[in-house]
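# Chain and residue survey
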Amino acid sequence: MKEEELEIQDYVSRPCRYVNIDGSNELTWGAMCCGFYFVDWLHAIVSPDSLWHRPWAQAVCMVAMVGLIYLAGKALKRYVTYPRTGFVAYPDTVKRRMVPVVAAAVAAAATFVIALVLRGGHLRMETILGAVNFVFYAVAAQPFRPWKYGFLLLIAAGTFCVADAYALLFFGLVFLASGMTTLTLYLRQTRAAQ
Amino acid sequence: MNAGVRNIGEIDRVVHEPGRLMIVALLSAVKQADFLYLQHETGLNKGTLSSHLARLEEAGYVAIEKTFQGKIPRTLLQLTAAGRAAFEKYRRDLKRVL
């Protein structure tokens, strides 16, 4: 009995594991982190009286970057994933997409509270960033494969070892590397439909 | 005759067939999926999958919509309310019988 029920449950849960089969979650988040780092870096190197230092210029750049990443994710699904392994539309998409975001927010709040209790609120911003990325990776990088634990450990190590100025870039690159690995494995293991 | 054996007769034969059970279970978790996705997940060939889908459509459990994405035809499949109810009932019946 249990076996039959487990088999049915496995089929019911398969579509959930299909969301990130191509590594799009990791690639999107990685590109976002690297993009934010790039904006920050640009802000630091250009002269203070340049156009770049106007608030609207940065807002336009941010919106363009987020829009571009969103469209790139859509294009990946449309031109790579759907022709290979098919299209799936999920019920209540907004709620599903909010799960990693809510988990990451809870992680940030928990880290802050722990710091408040243990160290009187004295905390590096990068520790919170690291905790957020750690939880976000654990939730968004599903389905979890053994090699993904390596990336999880890398994020944990980076939380404490990477210099403040490069933390965002480091987390972005880890996510991109994980996403590229997932995508490469997916492309190698599947073929475009005839 | 004991109750468990009597209940076997109540099991929905349309859903009980292994191929169709896979299809219904997969569709129960999504809003919509295409033919290619079902083929990929079930491992069934096109002919077998088509015949199972035709049977499910005939029973009113699956709605089939044929569309085009650019020039490429796409078959979208969705579990109907009746199909969803039949799947839930099937799972309950199975628990009771075994």
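Our structure is the block above this text.
In this report, the structure presented in the accompanying data block is examined.

About the criteria used
- Residues numbered from 1 in each chain as written.
- Chains lettered and ligands numbered in written order.
- Predicted model: local features only at pLDDT ≥ 70, side-chain atom pairs only at ≥ 80, totals over all residues.
- Helix = DSSP H or I, 4+ residues; strand = E, 2+ residues; numbered from the N terminus.
- Buried ≥ 20, exposed ≤ 12 C-beta atoms within 10 Å, placed from the backbone.
- Contact = placed C-beta atoms within 7 Å.
- Nonpolar A, V, L, I, M, F, W, Y, C, P; charged D, E, K, R; others polar.
- Pairing = 2+ DSSP bridges.
- Axes fitted to C-alpha atoms, helices over the stretch in contact; angles between N-to-C directions.
- Parallel < 35°, antiparallel > 145°, perpendicular 65-115°, else oblique.
- Left-handed = near helix turned anticlockwise from the far one by under 90°.
- Core = buried A, V, L, I, M, F, W, Y, C linked by C-beta atoms within 7 Å.

## Here's the deal with the overall build of chain B
What chain B contains, in helices and strands, is 6 helices and 3 strands. Overall, chain B shows an N-to-C arrangement of helices and strands of α-α-α-β-α-α-β-β-α. In terms of overall dimensions, chain B has C-alpha extents of about 60 × 25 × 20 Å along its principal axes. A burial count over chain B gives 31% of its 98 residues as buried. Long-range contacts, defined here as pairs at least 24 residues apart, represent 58% of the contacts in chain B between residues at least 6 apart.

## Thoughts on the interface of chain A and chain B
At the junction of the two partners, chain A supplies 17 residues and chain B supplies 18 residues. At the level of elements, α1 (2-18) and β1 (88-89) of chain A are the ones that each hand at least two residues to the side of chain A that touches chain B. Per-element accounting of the side of chain A that touches chain B gives the leading share, 8 residues, to α1 of chain A. Split into classes, the residues belonging to the side of chain A that touches chain B amount to 12 nonpolar, 3 polar and 2 charged. Where β1 of chain A meets strand β1 (residues 32-34) of chain B, 2 bridges bridge the pair, whose relative direction is antiparallel. Across the sheet, residue A89 of chain A finds its bridge partner in β1 of chain B, namely Q32 of chain B.

## Topic: the pairing of strand β3 (residues 72-79) of chain B
Residue and element names in this part refer to chain B. Where β1 meets β3, 2 bridges bridge the pair, whose relative direction is antiparallel. Directly across from D34, in β3, lies its bridge partner L76. In this structure, strand β2 (residues 62-69) lies alongside β3, joined through 8 bridges in antiparallel fashion. Looking at β3, one finds that F68 is bridged to P73. As consecutive antiparallel partners, β2 and β3 are separated by 2 residues, and within that stretch G70 has a phi angle of approximately 70°, a positive value.

## So, the packing of helix α5 (residues 125-140) of chain A against helix α7 (residues 167-189) of chain A
Residue and element names in this part refer to chain A. Packing of α5 against α7 brings their axes to within 10 Å, and their N-to-C directions diverge by 10°. Of the possible angle classes, the one that applies to α5 and α7 is roughly parallel. Read as a crossing pair, α5 and α7 show a hand that is right-handed. Contacts from E126, L129, N133 and Y137 of α5 reach α7 at A167, L168, F171 and F175. When its residues are assigned to classes, the contact of α5 with α7 shows 6 nonpolar, 1 polar and 1 charged.

## Overview of the nonpolar core
In this structure, I23, V24, L27, A33 and L38 of chain B are the most contacted members of the largest nonpolar core, which totals 27 residues. Among the secondary structure elements, those contributing two or more residues to this core are α3 (18-28), α4 (35-42), α5 (46-58), β3 and α6 (81-97) of chain B. Not counting residues within four places of it along the chain, the set of residues in contact with A33 of chain B comprises G86, F87 and V88 of chain A together with L26, L27, L38 and L77 of chain B. Judged by nonpolar contacts, the second largest core, of 23 residues, contains A107, F136, L168 and F175 of chain A.

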